[in-house]
Amino acid sequence: MPDGLVDADLSLPRPKPGKRIIDVVVAAVLLILATPLLIVVAALVAAGLGRPVLFRQCRAGLHGQPFELVKFRTMRPPNLSLGLLGDRDRLTPLGRWLRATSLDELPTLWNVLRGDMSLVGPRPLLPEYLSRYSPRQARRHEVRPGVTGLAQVRGRNSLSWEEKLEFDVRYVDSHNLRVDLSILAATVRTVLRREGINAAGSATAPEFLGTPPRRPAPTQRDRTPA
């Protein structure tokens with residue numbers, strides 16, 4: 001599968017215009033209301049981690065097209081001499097708190113306003129993963145990625161990659177306004193309970209390496225001893 005699934009294919013599903021209007025209005029209101037909090041968090045990150053305050057990374061969006069995701073920084077930069085290589089070593093106490101409260105995600109509301117993301121949808125992942133999806137898993141890119149999604153309220157990083165990607169596809173097949181509102185409400189509960197912040201044995205989540213193909217079930221002949 002190419003880095004971007006398509007450039008302009010009229011056969012692909014189109015985003016729902018009503019959903020986009022809601023995204024723009026809600027994201028704009030939230031950004032205005034959260035401005036004092038954004039300033040405080042930015043000051044904390046600058047004091048604790050230095051500059052830049054924002055973390056920017058290329059992610060795969062609608063139809064696999066790349067965009068720049070913006071979040072608050074939660075990790076120190078890699079430094080071999082200081083032994084700062086893995087996520088566990090680079091993640092600071094401030095970073096853990098920001099991730100636990102999801103305050104690091106506040107700047108992604110700007111991505112929603114720009115049209116890169118939606119409030120609800122599959123989480124945006126690295127472009128490198130595009131070639132690793134099964135055909136069914138790749139359907140997660142039929143909608144804009146979201147600040148939160150079905151997988152996030154069903155277990156977040158405590159789920160396996162296969163489980164998360166399956167929830168993403170289920171969302172693609174069933175999303176509507178009622179589903180989005182229920183996911184947003186469930187997200188508030190998940191954040192307050194600080195559930196599924198990281199995968200077992202990992203400071204964040206392991207890299208997605210692809211789903212191994214299923215081995216065919218053995219036939220009667222295979223079961224017959226020689």
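What am I meant to see in the side chain of Thr74 here?
For Thr74, the location among the structural elements is in the loop between strand E2 (66-72) and helix H3 (87-90). Classification of Thr74 by relative accessible area gives buried; the value is 6%. A distance of 3.1 Å separates polar atoms of two side chains, one belonging to Thr74 and the other to Arg99. With near-sequence residues (within four places) excluded, Thr74 lies in contact with Leu49, Arg90, Leu91, Thr92, Gly95, Leu98, Arg99 and Asp104.

I'm lost on empty space enclosed by the protein in this one. Help?
If a probe the size of a water molecule is rolled over the atoms, the empty space left behind becomes visible. All chains considered together, the criterion is met by one cavity of 30 Å³ or more. In this structure, the largest cavity occupies an estimated 30 Å³ of space. If you go around the largest cavity, the residues you meet are Ala60, Gly61, Pro122, Arg123, Pro124, Arg140, His141, Val143, Arg144 and Pro145. Per-class residue counts for the lining of the largest cavity are five nonpolar, two polar and three charged.

Please clarify how the nonpolar core should be interpreted in this entry.
Here is a general trend for soluble globular proteins: nonpolar side chains tend to be buried in one another's company. In this structure, Val45, Phe72, Tyr171 and Ile183 are the most contacted members of the largest nonpolar core, which totals 29 residues. For this core, the elements supplying multiple residues, two or more each, are helix H1 (17-33), helix H2 (35-49), E2, helix H5 (108-114), strand E3 (118-120), helix H6 (150-153), helix H7 (161-174) and helix H8 (177-193). Counting residues per element, this core draws most heavily on H2, at four residues. The residues contacting Tyr171, other than those within four sequence positions of it, are Lys19, Val120, Gly121, Pro122, Val143, Leu150, Val179, Asp180 and Ile183.

Criteria and cut-off values
Residues numbered from 1 in each chain as written. Predicted model: local features only at pLDDT ≥ 70, side-chain atom pairs only at ≥ 80, totals over all residues. Heavy atoms only, no water. Helix = DSSP H or I, 4+ residues; strand = E, 2+ residues; numbered from the N terminus. Buried < 20%, exposed > 50% of the residue type's maximum accessible area, 1.4 Å probe, protein only. Polar contact = N/O pair within 3.5 Å; in protein donor to acceptor, adjacent residues only side chain to side chain. Contact = heavy atoms within 4.5 Å. 1 Å grid on protein atoms, 1.4 Å probe; cavity = no way out; pocket = protein on both sides within 12 Å on 5 of 7 lines; lining within 4 Å. Points joined across faces, edges and corners; volume = space filled by probe spheres on them. Nonpolar A, V, L, I, M, F, W, Y, C, P; charged D, E, K, R; others polar. Core = buried A, V, L, I, M, F, W, Y, C linked by side-chain atoms within 4.5 Å.

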